[in-house]
Amino acid sequence: SPQHPKGAKHLPGPKGKPLVGSAYDLNTGPGGYFWLKFTEWGRQYGPLYQYKVFGKVNVIVGTEKIANDLLRERGDIYSSREQLPMGSQLLSDNKKALFLPYGDEWRRVRKLQHHVTQVRAAISYQPLQMKESARLVHDLILQPKRYKTLFQRYASALILRLTYGAQIETGEEDIVRLVYANQVNVERVSAPGQYLVDVLPILLWLPSWLAPFKREAAKHRQREVSLFTGLVNNVQKDVESGKAESSFTRMWLENKEKFALSDLQGTYVLGGLYSAAASTTASLAMSWVLLMVLNPEWLVKMQQELDRVIGPDRLPEFDDLTQLPMVRAVVKEVARMRPVTAGGIPHKTTADDIYNGYMIPKGSIVHPNQWAIHRDPELYPDPNTFNPDRWLSPKYPTYREPLTQYPNMNNYSVFGFGRRLCPGAHIAERSLNIIVARVGWACNIRKAIDPATGKEITPPEYDYSTDVKGLNTEPHTFPFDMSCRSPQHWAVVEESARRATEELKRPLTLT
Ligand code: HEM
């Protein structure tokens, strides 16, 4: 254990049991959600505390200020990741962008990610987002019970078209099924605590015949590498035959020397975008529907704004967003109350540090607990109330003007902190704004009526989980009614969706 400089104190926190530490306490919070356990401990130990698992120090951060002080201001030592033996080492030979240690390889990877996700690039994807959202609204009105599939189709179609030039119509194409199955698999295998080797890395030294987890990892890895490589090879063939449309993969293939990544590392960066982009975006869209069912007065307020600014004759467009602060406030408030990575994506420290007199040793796993950060009563008075006004009225501490620009999601805690901040935030923000503006413009969303009793069904406030254990959360299927607001709105939706479907068949050009 590190030498504590004179006077540096241990962080407070639960003592845990000998050897295992707090390993088995994490799922003992409400609903078994570890971020609620983090939050419960936070009430006892304060906004910065630690627990240990098999001797490993985990530091939990419960306010935005401390998260920024550490993960951003001291980014040179708070920007690494833990390489789990199973999830990272055996499964991908440490090639997964999300899990790369801080250093030169990560910087090169980040350069490629940044190139395709920076604001300027994100703006050029708006036409595609408009087409996909037009189809989304149309299909949601016809088949609201398929909302989960349809939100996932929107998000998958967007990222797979951008990454590989793949055209997705139903969302049930082979490519979608394969990348989705791969993601579920990988997240299951890499969820912390699934394999003993993750807490006892010494097991890595076992020969394969004694270590079934090694054979299992090898199988997954082979499957994943051939999936990602196959997708890149298809684009390569199209480039050679001159029929490849614009895509991230084509751009990378044509500019490989600029990025200086191995073929396999580049392939992993591209393949990893789907897992980072698809279920996260879809999750927040679903949470929006749920929060509209639970807080119908805010849908009405949003529709009043949309009716005033847009009128009944056309769908909202990206250029309208400056005039739609209520739409942006609703989106931001949904992200506050239902953060997708609720317990935060942990960073790892690469040197000893002292903060406010407390020791944070090198190698600590630092969890910015979004659940607590988003419910800090100093920043968010009455934090458990869904209140978009906190972004729109000067009487709240989170208010900022001008409202043509704020609220927005720049540097918003929902996307993480410091140098590892989500590079896809500009794309995700645009997706959510246009989905919420358009679905809100076109649809009424209400509680479903129980046919047996004739009474309204109120879905649970927080019944979340995920198919994919571990990092991302999303609401379990919940009941609601959705219908188009008027025949006039429907005519606009039908015509826009028809045109979008036609246009989606033409090659994409990214500027
Ligand atoms: C609502 C949607 C999204 C949410 C809530 C979200 C959230 C996050 C969070 C919390 C992190 C970790 C940040 C940290 O370590 O501090 C992250 C990382 C990442 N995100 Fe997103 N994300 C979303 C959408 C996207 C999209 C659309 C893309 C790509 C187009 C994307 C690409 C990535 C990548 C590549 C990383 C890894 C960065 C690294 O480890 O250096 N994300 N995201």
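Definitions and cut-offs
Residues numbered from 1 in each chain as written. Predicted model: local features only at pLDDT ≥ 70, side-chain atom pairs only at ≥ 80, totals over all residues. Heavy atoms only, no water. Helix = DSSP H or I, 4+ residues; strand = E, 2+ residues; numbered from the N terminus. Rg over C-alpha atoms; globule rule 2.2 N^0.38 Å. Buried < 20%, exposed > 50% of the residue type's maximum accessible area, 1.4 Å probe, protein only. Pairing = 2+ DSSP bridges. Contact = heavy atoms within 4.5 Å. Axes fitted to C-alpha atoms, helices over the stretch in contact; angles between N-to-C directions. Expected span 1.5 Å × (residues − 1). Near = heavy atom within 4 Å. Polar contact = N/O pair within 3.5 Å; in protein donor to acceptor, adjacent residues only side chain to side chain. Nonpolar A, V, L, I, M, F, W, Y, C, P; charged D, E, K, R; others polar. Donors = N, O, S within 2.8 Å, 3.2 Å for Na, K, Ca; no water. Left-handed = near helix turned anticlockwise from the far one by under 90°. Core = buried A, V, L, I, M, F, W, Y, C linked by side-chain atoms within 4.5 Å. Salt bridge = Lys/Arg side-chain N within 4 Å of Asp/Glu carboxyl O. 1 Å grid on protein atoms, 1.4 Å probe; cavity = no way out; pocket = protein on both sides within 12 Å on 5 of 7 lines; lining within 4 Å. Points joined across faces, edges and corners; volume = space filled by probe spheres on them.

Attention now goes to the overall build of the chain. Along its length, the chain carries 18 helices and twelve strands. Its C-alpha atoms give the chain a radius of gyration of 23 Å, near enough to 24 Å, the size a compact globule of 511 residues would have. In terms of overall dimensions, the chain has C-alpha extents of about 70 × 60 × 50 Å along its principal axes. The burial tally for the chain puts 57% of its 511 residues in the buried class.

Taken in spatial order, the four strands line up as E1-E2-E6-E3 in an open sheet, and their pairing is mixed. At either margin of the open sheet sits one strand with a lone partner, and together these are strand E1 (48-53) and strand E3 (347-348). Relative to strand E2 (residues 56-61), E1 runs antiparallel, the two sharing six bridges. Considered in E2, the bridge of tyrosine 49 is made with isoleucine 60. Against the sheet, helix H1 (residues 34-45) touches E1, E2 and strand E6 (365-368), its axis set at about 125° to E1. The strands that helix H2 (residues 64-72) touches are E1, E2, E3 and E6; relative to E2, the one it contacts most, it runs at about 130°.

In this section: the environment of valine 414. Relative to the helices and strands, valine 414 is located in the loop between helix H16 (370-373) and helix H17 (425-442). Given the relative accessible area of 9%, valine 414 is considered buried. Along the chain, valine 414 and tryptophan 371 lie 43 residues apart, while their C-alpha atoms are 9.5 Å from each other. Those residues within four positions of valine 414 in sequence are excluded, and the remaining contacts are Ala335, Pro339, Thr341, Gln370 and His374.

On to helix H6 (residues 126-142). Its 17 residues place the ends of H6 24 Å apart at the C-alpha level, agreeing with the 24 Å of an ideal helix rising 1.5 Å per residue. The buried count for H6 comes to 13 of 17 residues, which makes it a mostly enclosed element.

What surrounds the ligand is a group of 27 residues, the closest being Arg81, Trp106, His347, Phe417 and Cys422. Between the ligand and tryptophan 106 there is a distance of 2.9 Å, counted from an oxygen atom to a side-chain nitrogen or oxygen. Histidine 347 is positioned with one of its side-chain polar atoms (N or O) 2.8 Å from an oxygen atom of the ligand. Counting residues per element, the shell around the ligand draws most heavily on helix H13 (residues 263-294), at five residues. Here the shell around the ligand is composed, by residue class, of 16 nonpolar, eight polar and three charged.

Further remarks concern the coordination of the iron atom of the ligand. Exactly one donor from the protein chain reaches the iron atom of the ligand: Cys422 (SG), at 2.3 Å. Here cysteine 422 is to be found in the loop between H16 and H17.

With burial as the criterion, each face of E6 is covered, one bearing Ile365 and His367 and the other bearing Val366 and Pro368. In this structure, E2 lies alongside E6, joined through four bridges in parallel fashion. In the sheet register, valine 61 faces E6, and the bridge partner there is proline 368. Bridge count between E3 and E6: two bridges; the pairing is antiparallel. Each bridged residue has a counterpart across the sheet, and for histidine 347 the counterpart in E6 is valine 366.

With that out of the way, let us pick up the packing of H6 against H17. To characterise two packed helices, one gives the angle between the axes of the helices and the distance between these axes. Look at H6 against H17: their axes get within 9 Å of each other, and the N-to-C directions meet at 40°. With respect to the hand of their crossing, H6 and H17 are arranged in right-handed fashion. Contact residues: H6 offers Gln126, Gln129, Met130, Ser133, Ala134, Leu136, Val137, Leu140 and Ile141, while H17 offers Ile427, Arg430, Ser431, Ile434, Ile435, Arg438, Val439 and Ala442.

Turning our attention to the nonpolar core. Core analysis: the biggest nonpolar cluster contains 115 residues, and Phe151, Leu160, Trp288, Met302 and Ile445 have the highest contact counts within it. Looking at this core element by element, the count peaks at 17 residues for H13. Residues in contact with isoleucine 445, not counting those within four places in the same chain, are Trp288, Val289, Met292, Val293, Leu299, Phe480, Asp481 and Met482. Judged by nonpolar contacts, the second largest core, of 16 residues, contains Ala67, Leu70, Ile77 and Ile373.

All right, on to the pattern of salt bridges then. The final tally for this structure, using the stated rule, is 27 salt bridges. A salt bridge links glutamate 474 to lysine 148, with the nearest nitrogen and oxygen atoms 3.2 Å apart. Of this pair, glutamate 474 sits in strand E11 (residues 474-475) while lysine 148 sits in helix H7 (residues 147-164); the two residues are 326 residues apart in sequence, bridging distant segments of the chain. Residue classification places lysine 148 among the partly exposed residues on the basis of a relative accessible area of 21%. Close ionic contact of arginine 250 with glutamate 254 constitutes a salt bridge, the shortest N to O distance being 3.1 Å. Highlighted residues: arginine 250 and glutamate 254, both in helix H11 (residues 248-254), separated by four residues, approximately one helical turn. Classification of arginine 250 by relative accessible area gives partly exposed; the value is 27%. Note on glutamate 254: relative accessible area 42%, which makes it partly exposed. One network of salt bridges, with partners in common, ties together Lys56, Glu82 and Lys348.

What the second largest pocket holds in volume is close to 470 Å³. As for the second largest pocket, its lining consists of 23 residues, of which Glu64, Lys332, Asn410, Asn411 and Tyr412 are closest to the centre. For the lining of the second largest pocket, the element with the most residues is H2, which contributes three residues. When its residues are assigned to classes, the lining of the second largest pocket shows ten nonpolar, eight polar and five charged.

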